[in-house]
Amino acid sequence: MTFGWTAGVGTMHKRRMVHSLALASILTMAAPGSAGGIYAVDVRDDRVVVRFDDTVAGASAFLLDGPRRIALDINGAQIGRGGFAPGNGAIAAVRQGQLNGDTARVVLDLTTPATLGDTRIAADGKSLSFSLREASEGAFRTAVGKGRTRFDAPADMAARPQKRLHSITVPIPASARGVSLPAVEGARDGARPLIVIDAGHGGHDPGAINKENGKREKDVTLAVAQAIRDQLVKSGRVRVALTRDDDKFLVLQERYGIARKLGADLFISIHADAAENADAHGATVYTLSETASDREAARLAARENKADIINGVNLGGQTGDVSSILIDLTQRESMNISANFARLLQREASPFVPFRSAYHRFASLMVLKAPDTPSVLFETGYISNAEDAAFLASRDGQQKIARGVARAIEVHFARKLAMRGGPAGG
Ligand code: ZN
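Residues numbered from 1 in each chain as written. Predicted model: local features only at pLDDT ≥ 70, side-chain atom pairs only at ≥ 80, totals over all residues. Heavy atoms only, no water.

**A look at the side chain of Glu-379**
Let me state the cut-off plainly: Segments assigned H or I by DSSP are reported as helices when at least four residues long, segments assigned E as strands when at least two residues long, and all are numbered from the N terminus. Polar contact criterion, stated in full: a pair of N or O atoms within 3.5 Å, where within protein one must be able to donate a hydrogen and the other to accept it, and residues adjacent in sequence count only if both atoms are side-chain atoms. Contacts: residue pairs with any heavy atoms within 4.5 Å of one another.
In this fold, Glu-379 is placed in strand 18 (residues 375-382). Within the local environment of Glu-379, its side chain forms a polar contact with the backbone nitrogen of Asp-273, the two atoms lying 2.9 Å apart. With near-sequence residues (within four places) excluded, Glu-379 lies in contact with Glu-217, His-271, Ala-272, Asp-273, Ala-283, Thr-284, Tyr-286, Leu-300 and Glu-304.

Written out as structure tokens, the structure is:
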């Protein structure tokens with residue numbers, strides 16, 4: 001699932017307060033030519049209208065608490081390219097994301113408890129609307145518990161042939177198009193756990209660079225990923241695939257997309273950190289969270305999430321602010337497993353790899369967004385630190401990291417098997 005959020009920036013047009021829920025008129029900038037693309041969210045009085053540049057197939061909505069949000073899932077729709085400018089009033093911000101190739105999600109952040117009513121898709125299939133009704137806290141919680149509301153489609157909608165929609169709305173360089181799935185190596189037994197190792201950055205994106213010696217993050221991450229792969233293949237206990245095995249560029253969603261398509265049991269994205277302070281050193285493991293654990297984690301997420309943006313063109317198909325990522329409810333279990341693995345990784349790898357004292361941090365990292373694949377981002381050290389850079393660039397350092405990661409993987413899956421009561425190891 002890919003979320004590219006457009007958050008609240010920009011001017012508000014025609015704001016007019018009518019009653020306490022009366023709001024702002026939000027938005028716009030059409031994306032010409034993208035079929036079913038969302039191009040505007042208008043909030044007029046107590047009615048919200050989402051407009052598309054082509055027909056959509058259907059929609060449903062549900063409410064989320066903590067913080068209060070409305071999520072709209074629209075079938076046959078694509079995220080649009082326009083920026084959404086939220087106004088004041090009941091809606092603080094509007095964001096959009098692509099749930100899968102055919103379903104877009106729009107999330108409206110509520111400032112006060114409200115419920116939905118009178119949900120409708122217009123007769124031409126090019127817009128949907130609903131009313132916002134002020135609600136008490138209790139009524140809001142009850143509505144959250146009720147689950148999805150389907151939008152009634154006009155009678156002739158079913159008969160209308162569904163259009164084939166394309167899923168990419170921005171130009172993608174030839175190198176990033178049509179990513180083929182990588183080879184799976186290691187154990188032949190398809191029942192063995194599959195680990196996808198992602199070498200961060202690549203191609204036109206060098207990642208962080210050491211100013212003194214010119215060492216580049218993309219080279220280090222590839223060498224480390226390959227060393228981990230080799231170590232896992234040697235063990236013969238698990239299956240393993242790399243998102244990239246050479247110097248090529250992948251957008252973030254392609255990286256975890258590969259893990260999802262292969263049905264990976266674990267996704268590990270390899271990176272090397274950078275800091276202004278050349279003394280900063282040591283490894284850190286990041287797992288996904290909507291909110292960063294600290295300022296530094298937030299900065300790291302902003303930097304890593306920008307990998308998709310080149311010359312102002314967002315190759316990941318996201319618009320606006322990518323530093324805020326909504327986490328789906330289905331993601332909670334994956335997030336717990338990821339956090340457990342992060343702790344295990346530090347425990348098993350620290351004899352070989354120096355870790356920072358606060359070794360586990362949380363951030364809204366796009367590359368960890370696969371909802372059903374436990375995922376960690378491993379900052380293996382600081383490329384900006386002379387000692388770390390030498391360690392990361394050395395064969396010895398790479399093999400030490402690989403040994404630590406392989407040990408953690410072994411313990412992780414042995415535990416999983418033990419919990420299921422199956423045979424361990426082998
Ligand atoms: Zn990186």
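**Structural notes on helix 3 (residues 252-262)**
Counted only if it meets this: Only protein chains enter the accessibility calculation, which uses a 1.4 Å probe; a residue is then buried when its area is under 20% of its type maximum, exposed when over 50%, and partly exposed in between.
All of the buried residues along helix 3 are Leu-252, Glu-254, Arg-255, Tyr-256, Gly-257, Ile-258 and Ala-259. Lining the buried residues of helix 3 we find strand 11 (194-199), strand 13 (266-273) and helix 4 (295-305). Note on helix 3: the residue one or two positions beyond its end, Gly-263, has a positive phi of about 70°.

**What to know about the sheet that holds strand 6 (residues 103-110)**
Stated precisely, the cut-off is as follows: For two strands to be treated as a pair, DSSP must find no fewer than two bridges joining them. For every element, the axis is a line fit to its C-alpha atoms; helices are fit only across the contacting stretch, and the angle between N-to-C directions ranges from 0 to 180 degrees.
Overall, antiparallel pairing links the five strands, which are arranged 5-6-4-3-9 in an open sheet. Both edges of this open sheet fall to strand 5 (91-100) and strand 9 (149-150), since each of them pairs with a single strand only. Both strand 3 (residues 58-64) and strand 4 (residues 69-75) contribute to a ladder of seven bridges, which runs antiparallel. Paired with Phe-62 across the bridge in strand 4 is Ala-71. Relative to strand 3, helix 1 (residues 137-146) is tilted by about 135°, and along the sheet it contacts strand 3, strand 4 and strand 6.

**Quick word on the nonpolar core**
Basically, it comes down to this: Here, nonpolar core refers to any group of buried Ala, Val, Leu, Ile, Met, Phe, Trp, Tyr and Cys residues whose side-chain atoms link them within 4.5 Å.
With 41 residues, the main nonpolar core has Ile-195, Ile-197, Ile-268, Phe-341, Phe-378 and Ile-409 as its most contacted residues. Among the nonpolar cores identified, the runner-up in size contains 31 residues, and Val-41, Ile-70, Ala-77 and Val-94 belong to it.

**With respect to the packing of aromatic side chains**
What counts, and what does not: Only the six-membered ring of Trp is used, alongside the rings of Phe and Tyr, when aromatic pairs are assigned; centres must lie within 6.5 Å, and planes under 30 degrees apart are stacked while those over 60 apart are edge-to-face, with the rest tilted. Whether a charge sits over a ring comes down to the Lys NZ or Arg CZ being within 6 Å of the ring centre and within 35 degrees of the ring normal.
Evaluated as defined, the whole model comprises three aromatic pairs. The interplanar angle of 85° and the centroid separation of 6.3 Å between the aromatic rings of Phe-355 and Tyr-359 together place this pair among those described as edge-to-face. Residues Phe-355 and Phe-378 carry aromatic rings whose centres are separated by 5.9 Å and whose planes lie at 15° to one another, so their mutual orientation is stacked. Pair noted here: Phe-355 is in strand 17 (residues 355-363) and Phe-378 is in strand 18, with a separation of 23 residues, a long-range link. For the pair formed by Phe-355 and Phe-378, the shared burial category is buried. Taken together, Phe-355, Tyr-359 and Phe-378 form an aromatic cluster joined through their ring pairs. Above the plane of the ring of Phe-140 lies Arg-68, whose end atom (NZ or CZ) is 5.9 Å from the centre.

**A look at the sheet that holds strand 18**
Strand order across the open sheet formed by seven strands is 10-12-11-13-18-14-17, with mixed pairing between neighbours. Of all the strands in the sheet, just strand 10 (185-186) and strand 17 have a single pairing partner and so form its edges. In the sheet, strand 11 pairs with strand 13 via five bridges, with the strands oriented parallel. Of the residues in strand 13, the one forming a bridge with Val-196 is Phe-267. Against the sheet, helix 6 (residues 386-393) touches strand 13 and strand 18, its axis set at about 120° to strand 18. Where helix 7 (residues 395-420) meets the sheet, its contacts fall on strand 11, strand 13 and strand 18, and the angle it forms with strand 13 comes to roughly 155°.

**What to know about the environment of Leu-63**
Note on placement: Leu-63 falls in strand 3. The sequence separation of Leu-63 and Ala-114 amounts to 51 residues, and the corresponding C-alpha distance is 9.1 Å. The contacts of Leu-63, once residues within four sequence positions are left out, are Arg-69, Ile-70, Leu-110, Ala-114, Thr-115, Leu-116, Phe-140, Ala-143 and Val-144.

**Considering the pattern of salt bridges**
Threshold: Any carboxyl oxygen of Asp or Glu that lies within 4 Å of a side-chain nitrogen of Lys or Arg is treated as forming a salt bridge with it.
Within the structure shown, the criterion is met by 22 salt bridges. Among the ionic pairs, Asp-294 bridges to Arg-361, the shortest N-O distance being 2.9 Å. On the criterion of sequence distance, the pair formed by Asp-294 in the loop between strand 14 (283-288) and helix 4 and Arg-361 in strand 17 is long-range, its members being 67 residues apart. Classification of Arg-361 by relative accessible area gives buried; the value is 8%.

**A few points about unusual backbone geometry**
Despite not being glycine, Asp-118 has its phi angle at roughly 50°, a positive value. Summarising the element assignment, Asp-118 is placed in strand 7 (residues 114-121). Asp-118 gets classed as partly exposed once you look at its relative accessible area, which sits at 38%.

**Some details on the packing of helix 5 (residues 332-349) against helix 7**
Basically, it comes down to this: Small angles under 35 degrees read as roughly parallel and large ones over 145 as roughly antiparallel, with 65 to 115 read as roughly perpendicular and the rest as oblique. The handedness criterion is simple: a crossing whose near helix is rotated anticlockwise from the far helix by less than a right angle is left-handed, and one whose near helix is rotated clockwise is right-handed. Amino acids are sorted into nonpolar (Ala, Val, Leu, Ile, Met, Phe, Trp, Tyr, Cys and Pro), charged (Asp, Glu, Lys and Arg) and polar (every other residue, Gly among them).
Axis separation between helix 5 and helix 7 bottoms out at 8 Å; the angle between their running directions is 130°. Between helix 5 and helix 7, the interaxial angle falls into the category oblique. For the element pair helix 5 and helix 7, the recorded crossing hand is right-handed. Counting all contacts with helix 5, which are made through Ile-337, Phe-341, Leu-344, Leu-345, Arg-347, Glu-348 and Ala-349, the residues of helix 7 involved are Gly-404, Val-405, Arg-407, Ala-408, Ile-409, Val-411, His-412 and Arg-415. A per-class count over the contact of helix 5 with helix 7 returns nine nonpolar, two polar and four charged.

It is worth stressing that arrangement in space is one thing and function is another; only the former is reported here.
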